[in-house]
Amino acid sequence: MAKLVSRIFRGSAAPPGPSPLKQIIPVHQKQAALAASKHGVAISKKHRAFVAGDERWYGKIFDPSSDFILTWNRAFLFSCFVALFIDPFYFYVPKIIYAKPNSCVGTDRSFAIGVTFLRSMADLLYVLHIIIKFRTAYINPSATMRVFGRGDLVTDPKEIAWKYLKSDLAVDVAAALPLPQIIVWFVIPAIKYSTAEHNNNILVIIVLAQYLPRLYLIFPLTYEIVKATGVVAKTAWEGAAYNMVLYLIASHVLGALWYLLSVDRQTACWKKSCRNEAGCNIKFLDCDATPNPIWANATNVFNDCDASDESIRFDFGMFQPALANQAPAQSFAMKYFYSLWWGLQNLSCYGQTLVVSTYIGETLYSIFLAVPFFSQMDDQLLDAICERLVSALCTKGTYIIREGDPVTEMLFIIRGKLESSTTNGGRTGFFNSITLKPGDFCGEELLGWALVPKPTTNLPSSTRTVRALIEVEAFALQAEDLKFVASQFRRLHSKKLQHTFRYYSHHWRTWGSCFIQAAWRRYKRRKMAKDLSMRESFNSVRSDESDEEDETPPKNDLALKFIARTRKRPQNIKELPKLKKPDEPDFSAEPE
């Protein structure tokens with residue numbers, strides 16, 4: 001009972017006794033104290049890190065509402081982002097040495113030591129977070145005894161430990177385990193000769209699997225900070241930096257994974273050629289082994305897997321640029337920023353520029369990146385569209401459609417490049433040209449026509465001229481088939497589909513760029529007129545002053561005439577031809 005009273009009236013010198021002289025706090029003072037504590041003024045006791053109770057250092061319990069816990073949550077959230085940034089560096093540990101007469105794949109040991117040290121420091125912070133959570137009190141909202149509308153503050157170490165064991169301990173331990181260190185320093189060296197082709201795959205699986213609990217920890221930490229302060233970032237700049245860090249981490253992970261899979265793809269080519277060559281042993285490809293000198297001088301394994309040679313049979317797919325530039329053999333700074341640039345580029349365009357091979361890992365990676373127009377549709381609708389798609393093959397120089405001709409089909413590019421240009425109906429001085437690549441589509445005017453509640457029989461006119469730059473392979477969706485499928489669009493009620501259509505529509509992109517350019521020219525014209533007006537006013541003042549001193553100021557008259565003529569000049573500037581806003585597809589429900 002004494003413990004219960006102490007928990008309710010924490011901070012008191014002693015539990016209340018039978019004396020009736022106990023001071024009663026008025027209601028208005030209680031409300032003022034609560035309001036002051038919310039705004040963080042001096043009445044609040046958040047500066048106190050520990051709750052009242054055991055005075056021994058190892059028996060103290062942290063107050064969950066204290067400034068110390070809030071500061072620790074912020075610091076640990078920052079360390080979580082740092083840890084998420086450190087983990088993908090393990091993907092840069094494998095390296096390739098290109099040399100004559102033979103090349104090899106190995107491990108950058110000095111870099112691995114540095115990454116292991118940083119990762120171990122991050123793991124210690126996770127362990128420290130676990131210890132702090134074992135010693136942090138929690139509020140029991142289901143308690144019958146309440147203090148000012150809040151639940152009972154539980155400070156018993158056994159109850160705290162039991163609650164932590166049942167809730168978050170498993171996730172915290174999974175995030176703190178040194179799994180990549182074990183894989184890099186113990187597992188891979190032990191199995192590199194027996195199942196060498198799976199080494200990188202094991203590293204990828206372990207690092208990405210542990211990435212999930214580490215990423216998950218960010219959300220409860222953010223929730224605790226928001227609950228205590230109302231916001232994660234105190235200023236708009238901090239909020240922008242927070243979002244930028246998330247984007248850079250995603251690009252960093254994709255780039256590092258691309259680098260590791262590039263090394264794996266080069267190794268796979270070497271092993272395939274080695275198996276088909278007499279006298280070759282897989283161990284010869286490892287930098288820690290000494291190859292047979294006779295084999296090293298006579299082998300064709302490395303010539304058959306030269307990514308810069310376009311005549312070889314092996315398809316490196318999306319890893320060809322990295323291997324052709326020998327990125328795995330460069331210094332860390334060069335290969336890191338090269339991979340980060342690749343990650344930023346393909347994350348921003350959703351991997352639409354990737355050219356992949358039949359390698360299943362590469363294909364799945366590209367599918368993960370790709371978020372095309374059809375990603376906003378459900379499976380039933382996609383099946384209906386796929387059943388009506390027909391393959392199309394266009395030779396180089398073929399005109400798919402000309403500007404002003406009726407659009408009879410939508411074309412989705414699988415392979416090749418198309419040139420899409422427009423003159424905005426033949427306007428003088430207007431020309432826009434873009435290149436359509438795999439993942440793009442043309443004929444979007446047909447979608448707007450098909451999605452109106454009652455489409456007319458007349459097909460829409462094309463706003464662009466589309467020509468094949470090289471041989472193009474694509475899928476075509478005819479007008480009647482699209483009209484049939486379009487009836488299902490209006491039942492989706494999806495604003496995301498409308499925004500996605502605008503994003504991928506080159507007609508909308510052209511209109512948007514012309515709209516921005518016209519607005520910019522209007523701004524420059526107004527600014528020029530304002531500057532000329534100020535110059536004219538300044539010269540007028542000087543002219544008045546000179547009139548008082550000299551009755552004949554011919555130079556000022558000439559200057560005023562020149563400024564007046566210059567001021568009128570912007571009105572004669574040719575306006576940018578106005579581009580008609582594209583028709584917006586009707587994604588609303590069909591009226592009953």
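Within any chain, residue numbers begin from 1 and follow the written order of that chain's sequence. Local features in a predicted model are, by the rule used here, given only for residues with pLDDT of at least 70; side-chain atom pairs are given and counted only at 80 or more, and totals for whole chains, interfaces and linings are based on all residues. Water and hydrogen atoms were dropped before computing side-chain values, which therefore reflect all heavy atoms in the structure.

Rules: UniProt positions are given in the numbering used here, feature names are shortened, and annotations may be inferred rather than shown by experiment.
The name recorded for the protein chain in an unreviewed UniProt entry is Cyclic nucleotide-binding domain-containing protein, from Eleusine coracana subsp. coracana. Checking UniProt for the protein chain, the heading Sequence similarities (unreviewed entry) contains the comment "Belongs to the cyclic nucleotide-gated cation channel (TC 1.A.1.5) family." We quote the UniProt Subcellular location (unreviewed entry) comment for the protein chain here in full: "Endomembrane system".

**Remarks on the overall build of the protein chain**
Rule in force here: In this text, helices come from DSSP runs of H or I with a minimum length of four residues, and strands from runs of E with a minimum of two, each type numbered from the N-terminal end. Remark: exposure states derive from per-residue accessible area (1.4 Å probe, protein chains only) relative to the maximum for the residue type, with buried under 20%, exposed over 50%, and partly exposed in between. Contacts between residues were defined by any pair of non-hydrogen atoms, one from each residue, lying within 4.5 Å. Here, Shrake-Rupley sampling with a 1.4 Å probe gives the accessible areas, and only protein chains in the shown set may cover a residue.
Counting its regular elements, the protein chain contains 21 helices and twelve strands. The buried share of the protein chain, reckoned over its 592 residues, is 38%. For the protein chain, the share of sequence-separated contacts (at least 6 apart) that also reach a separation of at least 24 residues comes to 74%. As presented, the protein chain carries roughly 34800 Å² of accessible surface, and 60% of it is formed by carbon and sulfur atoms.

**Describing the UniProt feature "transmembrane region" (unreviewed entry) in the protein chain**
Feature annotation in UniProt assigns "transmembrane region" (unreviewed entry) to the following positions: residues 75-93, 113-132, 169-188, 200-219 and 240-261. For residues 75-93, the end-to-end C-alpha separation is 28 Å, with 63% helix and 0% strand making up the annotated structure. From the first C-alpha to the last, residues 113-132 spans 29 Å; its make-up is 100% helix and 0% strand.

**As for the packing of helix α3 (residues 67-86) against helix α9 (residues 218-229)**
Worth spelling out the cut-off: Where helices are involved, their axes are fitted lines through C-alpha atoms of the stretch in contact, as for all axes, and angles between N-to-C directions lie from 0 to 180°. Should an angle lie under 35 degrees it is considered roughly parallel, over 145 roughly antiparallel, and from 65 to 115 roughly perpendicular; all remaining angles are considered oblique. We call a crossing left-handed when the near helix sits turned anticlockwise from the far one by less than a right angle, and right-handed when that turn is clockwise. Throughout, the ten residues Ala, Val, Leu, Ile, Met, Phe, Trp, Tyr, Cys and Pro are labelled nonpolar, Asp, Glu, Lys and Arg are labelled charged, and all others, Gly among them, are labelled polar.
Contact pair α3 / α9: the axes reach a minimum separation of 10 Å and the direction vectors enclose 150°. Put simply, α3 runs roughly antiparallel to α9. Helix-helix and strand crossings are classified by hand; for α3 and α9 the assignment is left-handed. Together, Leu-70, Asn-73, Arg-74, Phe-76, Leu-77, Cys-80, Phe-81 and Leu-84 of α3 and Ile-218, Leu-221, Thr-222, Glu-224, Ile-225, Ala-228 and Thr-229 of α9 make up the contact between the two elements. Tallied by class, the residues present in the contact of α3 with α9 amount to ten nonpolar, three polar and two charged.

**Observations regarding the packing of aromatic side chains**
Formally: Stacked, tilted and edge-to-face are the three classes applied to pairs of Phe, Tyr and Trp rings, where Trp contributes its six-membered ring and a pair requires centres within 6.5 Å; stacked means planes under 30 degrees apart, edge-to-face means over 60, and tilted covers the rest. When the NZ atom of lysine or the CZ atom of arginine is within 6 Å of a ring's centre and also within 35 degrees of its normal, the charge is said to sit over that ring.
Scanning all chains against the criterion turns up 26 aromatic pairs. Taking the centre distance of 5.8 Å and the plane angle of 65° together, the rings of Tyr-92 and Tyr-336 count as edge-to-face. Placement of the pair is Tyr-92 in the loop between α3 and β1 (94-97) and Tyr-336 in helix α14 (residues 332-348), with a sequence separation of 244 residues. An aromatic cluster of three or more residues is present, and its members are Phe-85, Phe-89, Tyr-92, Phe-111, Tyr-259, Phe-332, Tyr-336 and Phe-337. The ring of Tyr-138 has Lys-163 sitting right over it, with the charged end atom 5.0 Å from the ring centre. Its end group placed over the ring of Tyr-399, Arg-402 keeps NZ or CZ at 4.0 Å from the ring centre.

**Section: the sheet that holds strand β9 (residues 432-436)**
What counts is decided by this rule: By definition, two strands form a pair when at least two bridges between them are found by DSSP.
Reading across the sheet, the four strands line up as β6-β11-β8-β9 and stay open at both edges, with antiparallel pairing between neighbours. Unpaired on one side and paired on the other, β6 (399-401) and β9 mark the two borders of the sheet. This sheet shows a mean twist of 25° between the axes of neighbouring strands, independent of strand direction. With four bridges joining them, strand β8 (residues 418-422) and strand β11 (residues 465-468) adopt antiparallel strand pairing.

**What to know about the state of the cysteines**
Put simply, the test is: Disulfide assignment relies on a single distance test, namely cysteine sulfur atoms paired within 2.5 Å.
In the structure shown here, the tally under the stated rule is three disulfides. Paired by a disulfide, Cys-104 and Cys-287 hold their sulfur atoms 2.0 Å apart. Taking the sign of the S-S torsion, 95° for the link of Cys-104 and Cys-287, the bridge is right-handed. One end of the pair, Cys-104, is in strand β2 (residues 104-107); the other, Cys-287, is in the loop between α10 (236-275) and α11 (293-298), and 183 residues separate them in sequence.

**Focus on the packing of α10 against α14**
For the pair α10 and α14, interaxial distance at closest approach is 7 Å and the crossing angle is 115°. In the crossing of α10 with α14, the sense of the turn from one axis to the other is right-handed. Between α10 and α14, the contacting residues are Tyr-247, Leu-248, Ala-250, Ser-251, His-252, Leu-254, Gly-255, Trp-258 and Tyr-259 on the first element and Lys-335, Tyr-336, Tyr-338, Ser-339, Leu-340, Trp-342, Gly-343, Leu-344, Leu-347 and Ser-348 on the second. Residues belonging to the contact of α10 with α14 are distributed by class as follows: twelve nonpolar, six polar and one charged.

**Concerning the confidence of the model for the protein chain**
Operational definition: Per residue, pLDDT measures the predictor's confidence, with a range of 0 to 100.
Mean pLDDT over the protein chain stands at 75; residues scoring 70 or higher make up 67%. Mean pLDDT values over the elements of the protein chain span from 37, in helix α1 (residues 2-8), up to 93, in helix α4 (residues 109-134). Note that residues 144-149 has pLDDT below 50 and, in this model, eight contacts with residues that lie over four places away or in other chains. Throughout residues 569-577 the model reports pLDDT below 50, and contacts reaching past four residues in sequence, or to other chains, amount to ten contacts.

**Considerations on unusual backbone geometry**
Despite not being glycine, Gln-326 has its phi angle at roughly 55°, a positive value. Structurally, Gln-326 is set in the loop between α13 (320-324) and α14.

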